[in-house]
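Structural overview
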Amino acid sequence: MIKAPYCVASGNDVSGVVMRFASKARTLHYGDRRLRTPLLVPAFSSRAPLNKVGTPLSQCEINTYLAQIGEDVVGPALISAFDLHHQNIPMPEPENFSFGAAPTFLDSGGYENYTLTDKSGEVTESRYFQVLRSWPESLPIIAVNFDCEDGDLGQQVHSALSLPVTSTSGKLLLLKPGRDKENERSTGSLAPIIAQIPKHAIALENLSAIGLTEKEAGQSFEQRIAQIKALRRMLDDCGLAEKPIHVFGGLDPIRTPYYFLAGADIFDGTSWLRFAFDKGQAVYLDAHASIQYPDKDIALAEWLIRRQNLGDIVQLQISMRSFLASGQLGELDLDESLLRRLFPEDV
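Residues numbered from 1 in each chain as written. Predicted model: local features only at pLDDT ≥ 70, side-chain atom pairs only at ≥ 80, totals over all residues. Heavy atoms only, no water.

1. Some points on the overall build of the chain
- The number of helices and strands found in the chain is 13 helices and 14 strands.
- Of all 347 residues assigned to the chain, the portion counted as buried reaches 50%.
- Across the chain, contacts joining residues at least 24 apart in sequence account for 69% of those joining residues at least 6 apart.
- Per element, the accessible surface of the chain, about 15,700 Å² overall, is 51% carbon and sulfur. (Helix = DSSP H or I, 4+ residues; strand = E, 2+ residues; numbered from the N terminus. Buried < 20%, exposed > 50% of the residue type's maximum accessible area, 1.4 Å probe, protein only. Contact = heavy atoms within 4.5 Å. Areas by Shrake-Rupley, 256 points an atom, 1.4 Å probe, with all protein chains shown as cover.)

Here it is, written out as structure tokens:
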């Protein structure tokens, strides 16, 4: 592991040190408000974690874990229109809203849709829009375009800009690979979509951030890092150097710092619900709960660990911001050999 005082600057100016890596503090704009990055965003979902019998959580179980842990979310959180539509998560009330700090990231629920066996329960685009229109106007959100693989970048941008949100909220473009018109299958690659960015750069200025899912960024960790680098370079070259990149599903203690160095800024995920964060690793939750709290009911012990995970997320965000301020790679828990492999031009 790299320990201080190993010093390499980020994209921010650090006096006396040559600038490297694409990480820097960028600004997420929504309405007339703004947040500085990096941002680590815990996601809540009815599909994670699974309960002890291996089925999705019931509404009662979800309400229980929201009551137990929602107050511990000190920054923005992500929820899905799927869970709001199916009332797995209750629509918030402004007067007693304690679910993280503004804004709330809200996506259509492509992950939850994918897990359904009865497709009649899927959240369609029209259902998604109904949820957006029902969201309290006084609570700002960052709404994500409907999760669909159809269309070129122009159609995807139009979908994001057409989201029915108020002027106090923001709109986030989730890039999708699109479909091959001949065989009606996903192309599986974001490269052709990213290549279209110069044509739509002016329209992209009106969005709060540009996103991609971790899985669609590539099949291997190296491919994902390379894809994020390519997206960052393209945005920079098109005059969008301050536009944040959001990696959906990219929040965990191991990979997040590397995505950050590659130029990404916002990271969400449910790993904090499904695993235990221990010394920079994500380990099996049930076993870790048994070891750390041998005298407690396992289910209760798991929730205690999830609360600890939220604290670890906050600490990781602090470490990332400390790196930006100092240029000290020792602020981040990195493997030096992996760092040199992923960033040969920077280390």
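2. Section: the pairing of strand S11 (residues 245–248)
- Residue alternation in S11 divides its side chains into two sets, Ile245 and Val247 and His246 and Phe248, and both sets are buried.
- Inspection of the sheet shows strand S10 (residues 209–213) paired to S11 by four bridges, in the parallel sense. Across the sheet, residue Ile210 finds its bridge partner in S11, namely Ile245.
- In this view, the connection linking S10 to its parallel neighbour S11 by way of helix H8 (residues 221–237) has right-handed handedness.
- Both S11 and strand S12 (residues 266–269) contribute to a ladder of three bridges, which runs parallel. Pairing of His246 across the sheet is with Ile266, part of S12.
- For the crossover from S11 across helix H9 (residues 256–262) to S12, the handedness is right-handed. (Pairing = 2+ DSSP bridges. Right-handed = clockwise from strand over helix to strand, strands pointing away.)

3. Some remarks on the packing of helix H11 (residues 285–292) against helix H12 (residues 298–326)
- Interhelical geometry of H11 versus H12 gives an angle of 100 degrees and a closest axis separation of 9 Å. Relative to H12, the element H11 lies roughly perpendicular. Facing Leu285, Asp286, His288, Ala289, Ser290 and Gln292 of H11, the residues of H12 in contact are Ile298, Ala301, Glu302, Ile305, Arg306 and Gln308.
- Classifying every residue of the contact of H11 with H12 by side-chain character gives five nonpolar, four polar and three charged. (Axes fitted to C-alpha atoms, helices over the stretch in contact; angles between N-to-C directions. Parallel < 35°, antiparallel > 145°, perpendicular 65-115°, else oblique. Nonpolar A, V, L, I, M, F, W, Y, C, P; charged D, E, K, R; others polar.)

4. Some points on the sheet that holds strand S5 (residues 104–107)
- Here we have eight strands laid out as an open sheet, ordered S3-S12-S11-S10-S7-S6-S5-S4, and parallel in their pairing. At either margin of the open sheet sits one strand with a lone partner, and together these are strand S3 (39–42) and strand S4 (78–80). Each adjacent strand pair in this sheet contributes to an overall mean axis angle of 25 degrees, direction not counted.
- Bridging between S3 and S12 involves four bridges; their strand directions are parallel. Considered in S12, the bridge of Pro42 is made with Gly269.
- Of the strands in this sheet, S10 and S11 touch H8, which is tilted by about 155 degrees from S11.

5. Topic: the nonpolar core
- Counting residues in each nonpolar core, the largest one holds 85 residues, and the members touching the most others are Tyr128, Leu132, Leu173, Leu175, Leu261, Phe267 and Phe343.
- Residues Ala276, Ala289, Ala301 and Ile305 belong to the second largest nonpolar core, which totals six residues. (Core = buried A, V, L, I, M, F, W, Y, C linked by side-chain atoms within 4.5 Å.)

6. Let's talk about the pairing of S5
- On S5, burial covers both faces: Thr104 and Leu106 on one face and Phe105 and Asp107 on the other are all buried.
- As judged from the three bridges shared by S4 and S5, these two strands associate in the parallel manner. By the bridge assignment for S5, Ile79 is matched with Leu106.
- Sheet topology places S5 next to strand S6 (residues 141–144); three bridges connect them, and they run parallel. Each residue of the ladder has a partner; that of Thr104, found in S6, is Ile141.

7. Looking at helix H4 (residues 125–134)
- Turning to H4, its buried residues are Tyr128, Phe129, Val131 and Leu132. Down the axis of H4, the buried set is contained in an arc of 155 degrees. They therefore lie on one face.
- In this fold, the buried residues of H4 make contact with helix H2 (81–85), S5 and S6. (Arc of directions from axis to C-beta.)

8. Quick look at the pattern of salt bridges
- According to the stated counting rule, one finds 13 salt bridges in the structure shown.
- Across the pair Lys24 and Glu242 runs a salt bridge, and its minimum N-O distance is 2.8 Å. In this pair, Lys24 sits in the segment before strand S1 (27–30) while Glu242 sits in the loop between H8 and S11, placing the two residues 218 residues apart along the sequence.
- The salt bridge partner of Asp252 is Arg255, with a shortest N-O separation of 2.6 Å.
- Its relative accessible area of 31% is what places Arg255 among the partly exposed residues.
- Overlapping salt bridges bring together Arg26, Arg232, Asp236 and Asp265 as one network. (Salt bridge = Lys/Arg side-chain N within 4 Å of Asp/Glu carboxyl O.)

9. Examining H11
- Regarding H11, the residues found buried are Leu285, His288 and Ala289. Looking straight down H11, one finds that the buried residues subtend no more than 100 degrees of arc, so they occupy a single side.
- Residues of H11 that are buried make contact with helix H10 (271–274), strand S13 (275–278), strand S14 (281–284) and H12.

Everything listed is a geometric property; what it means functionally is a separate question.
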